[in-house]
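# A look at the structure
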Amino acid sequence: MSDSPVGHTTVVHGARELVVGPAGRGPDSGPTADLETIEDGAFAAEDGVIVAVGPTDDVIRDYPPENADTAIEATGKTILPGFVDPHTHALFAGDRSDEFGAKLRGKTYQDILADGGGILRTVRAVRQVDDETLRANLREHLDVMLAHGTTTVEVKSGYGLDVETELRLLDAIATVGDDHPVDVVPTFMGAHAVPENQETDEYVDEVVEAQLPAVAEQGIAEFCDVFCEAGVFDVEQSRRILETGLEFGLAPKLHADEFERLGGSQLAVEVGATSADHLLQASDEDVLAIATSDVTPVMLPGTAFGLGAEYADAAAFRQVGADVALATDFNPNCFARSQGFTATLACVGMGLPPAAAVAGITRHAAAALARDDRGVLRDGAKADAVVLDAPSHVHLPYRFDTNPVERVLKDGRLVVDGVADSD
Ligand code: NIG
Ligand code: FE
């Protein structure tokens, strides 16, 4: 639901810690200091927009909780910006749990796809179900994400791989997003895989000449993404799709340098992509090219964890001044919907400090979706917030077996109340 509430005042106060957001770049333009926090913090919002943030005494003097429409006492707890998940394939049908076992027995992700499994199997399942099933599937996943603190999520199409089904998927993404509290950002990803019995070049022609014009005409998608990978779409095919997407007003994103270093990072910089995602094989040169561009690097530690693979080199990006965003990559190959758990994996698997992981699922994740209005708790930002039933932001990645999110506010309204299962 993107409409802001009207005439509604919100006050959340008394928190042991309030996370404002990254503290801004240092004088040498180095990486942003990971987090600015306020002890005994509070914020107030009017009509879904933050109007005051600071020590509780200061905020409640101007905005007394007793006069607020929504007042929350957060004594002993932590207030964080609502989480943003900037890379998901959350709309799908079918069950690929047997591939989990196959992978444990040594099959690779690429072997499974080359045998007609993986993405292609989900495409067959999606084509067999009706629109209401698709919508119900997505709704259920958004409910879980929201309960885990996600208030904005990007959802890609890409399990249709023909004009009709890609449009159906985008329509389902928009329809569910319209009446769910989570803000849903739709991405067109017709170039997610090459459909069975089609040549890659022939399919790229179809994406460029038939799918993109139809997607632009439909007017739902905001971004265009491509799986730029050995055996899927090469750099020149990816460039053609992303540049055509740009002509139709779709901002580029890219699955880049995940399994092989094909050149996706450089392509992302060349086309001015909003984000380059995965990046496990990015070289030093790629890291520097991204860090010195406006492309946000997005890392998906859940995918590496689920595949038992190496993690992306977050430290290399941070060393040269890049702000690293984090996403779940939720899809049938990576059944992970919690950005809190993503933060845990980023700390344990990629060595991010907890504060950087929290920045990665909030402000930097919002940058990966070109959303300047969220991912921080500052004046003028959206009043999307999470109350953790825990005394500091460190407890989000630290507690990884249960959900420490107790309350979620979206546009200043309480949309999740008291579900933390950490007690
Ligand atoms: O980002 N790599 C392409 N897309 C997904 C996987 C989708 C699937 O396996 O269904 C990803 O990991
Ligand atoms: Fe993906």
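A short tour of the structure in this document, coming up. Because the structure is a prediction, the values reported are computed rather than measured.

Quick notes on the rules
- Residues numbered from 1 in each chain as written.
- Chains lettered and ligands numbered in written order.
- Predicted model: local features only at pLDDT ≥ 70, side-chain atom pairs only at ≥ 80, totals over all residues.
- Heavy atoms only, no water.
- Helix = DSSP H or I, 4+ residues; strand = E, 2+ residues; numbered from the N terminus.
- Rg over C-alpha atoms; globule rule 2.2 N^0.38 Å.
- Buried < 20%, exposed > 50% of the residue type's maximum accessible area, 1.4 Å probe, protein only.
- Contact = heavy atoms within 4.5 Å.
- Core = buried A, V, L, I, M, F, W, Y, C linked by side-chain atoms within 4.5 Å.
- Domains from an automatic or database assignment.
- Donors = N, O, S within 2.8 Å, 3.2 Å for Na, K, Ca; no water.
- Tetrahedral: all angles 85-135°; square planar, octahedral: opposite > 155°, others 65-115°.
- Phe/Tyr/Trp six-rings, centres within 6.5 Å; stacked < 30°, edge-to-face > 60°.
- Near = heavy atom within 4 Å.
- Polar contact = N/O pair within 3.5 Å; in protein donor to acceptor, adjacent residues only side chain to side chain.
- Areas by Shrake-Rupley, 256 points an atom, 1.4 Å probe, with all protein chains shown as cover.
- Nonpolar A, V, L, I, M, F, W, Y, C, P; charged D, E, K, R; others polar.
- Lys, Arg positive; Asp, Glu negative; His and termini not counted.
- Salt bridge = Lys/Arg side-chain N within 4 Å of Asp/Glu carboxyl O.
- Pairing = 2+ DSSP bridges.
- Axes fitted to C-alpha atoms, helices over the stretch in contact; angles between N-to-C directions.

Moving on: the overall build of the protein chain. A count of helices and strands for the protein chain gives 16 helices and 16 strands. The C-alpha radius of gyration of the protein chain comes to 21 Å, within 12% of the 22 Å expected for a compact globule of 423 residues. The principal-axis extent of the C-alpha atoms belonging to the protein chain is close to 65 × 45 × 45 Å. Per-residue burial for the protein chain yields a buried fraction of 61% across its 423 residues. Considering only residue pairs separated by 6 or more positions, the protein chain has 71% of its internal contacts joining residues 24 or more positions apart.

Moving on, we get to the nonpolar core. Within the largest apolar cluster, 94 residues are counted, with the highest numbers of intra-cluster contacts made by Phe188, Phe233, Ile241, Met299, Phe317 and Leu326. Looking at which domains feed residues into this core, each of domain 1 (9-82 + 376-417) and domain 2 (84-367) gives three or more. Aside from chain neighbours lying at most four places away, what touches Met299 is Leu279, Ala312, Asp313, Ala314, Phe317, Val324, Ala325, Leu326, Ala327 and Met350. Ranked by size, the runner-up nonpolar core spans 18 residues in total, among them Ile38, Ala381, Val387 and Leu409.

For the iron ion (ligand 2), the protein coordination sphere consists of His87 (NE2), His89 (NE2) and His255 (NE2), at 2.0 to 2.1 Å. Geometry at the iron ion (ligand 2) is tetrahedral, judged from its four donor atoms and the angles of 94 to 127 degrees they form at the metal. Taken in sequence order, the residues that donate to the iron ion (ligand 2) follow the motif H-x1-H-x165-H.

How two aromatic rings sit relative to each other is given by the distance of their centres and the angle of their planes. This structure, assessed with the given rule, holds seven aromatic pairs. An angle of 75 degrees between the planes, with centres 6.5 Å apart, marks the rings of Phe92 and Tyr159 as edge-to-face. In this pair, Phe92 is assigned in the loop between strand 6 (83-85) and helix 2 (97-104) and Tyr159 in the loop between strand 7 (150-156) and helix 6 (163-178), connecting sequence segments 67 residues apart. Each member of the pair, Phe92 as well as Tyr159, carries the same accessibility label: buried. A connected cluster of aromatic rings, assembled from ring pairs, spans Phe92, Tyr159, Phe330 and Phe335.

Backbone geometry places Asp257, a non-glycine residue, at a positive phi of 50 degrees. Looking at the element boundaries, Asp257 is found in the loop between strand 10 (251-256) and helix 9 (264-271). Its identity as a non-glycine residue notwithstanding, His278 has a phi of 90 degrees, on the positive side. Mapped onto the elements, His278 comes out in strand 11 (residues 275-278). His278 gets classed as buried once you look at its relative accessible area, which sits at 2%.

Our next topic: the site of ligand 1. Taken together, 15 residues lie near ligand 1, and Arg96, Tyr109, Tyr159, His192 and Asp329 sit nearest. Within the side chain of Arg96, one N or O atom sits 2.8 Å away from an oxygen atom of ligand 1. A distance of 2.6 Å is found between an oxygen atom of ligand 1 and a side-chain nitrogen or oxygen belonging to Tyr109. Protein coverage of the free-state accessible area of ligand 1, which is 330 Å², stands at 100%. Residue composition of the shell around ligand 1, grouped by class: five nonpolar, seven polar and three charged.

Take the side chain of Asp277 next. Among the secondary structure elements, Asp277 is positioned in strand 11. Of the buried charged residues, Asp277 lacks a salt bridge, with Lys253 as the closest side chain of opposite charge at 4.5 Å. If we skip the residues at most four places from it in the chain, Asp277 touches Pro86, His87, Leu254, His255, Ala256, Val298 and Leu300.

This part is about the sheet that holds strand 6. Taken together, the eight strands give an open sheet; going across it, the order is 6-7-8-9-10-11-12-13, and neighbouring strands pair in parallel fashion. Since the sheet does not close on itself, it has two edges, and those belong to strand 6 and strand 13 (325-326), each with one partner. Sheet analysis places strand 6 next to strand 7, joined by three bridges and oriented parallel. Residue pairing across strands places Phe83 opposite Thr150, the latter belonging to strand 7. Running at roughly 170 degrees to strand 10, helix 9 makes contact with strand 10 and strand 11 of the sheet.

This part takes up the pairing of strand 15 (residues 405-410). Counting buried residues along strand 15, five of its six residues qualify, which places the element largely inside the surrounding structure. Here four bridges tie strand 14 (residues 385-388) to strand 15, and the two strands are oriented antiparallel to one another. Bridging across to strand 15, Ala385 finds its partner in Leu409. Judged from the four bridges that link them, strand 15 and strand 16 (residues 413-417) form a sheet pairing that is antiparallel. The partner of Lys410 across the bridge, within strand 16, is Arg413. If you look at the hairpin formed by strand 15 and strand 16, you'll find two residues sitting between the two strands, and Asp411 has a positive phi there, around 50 degrees.

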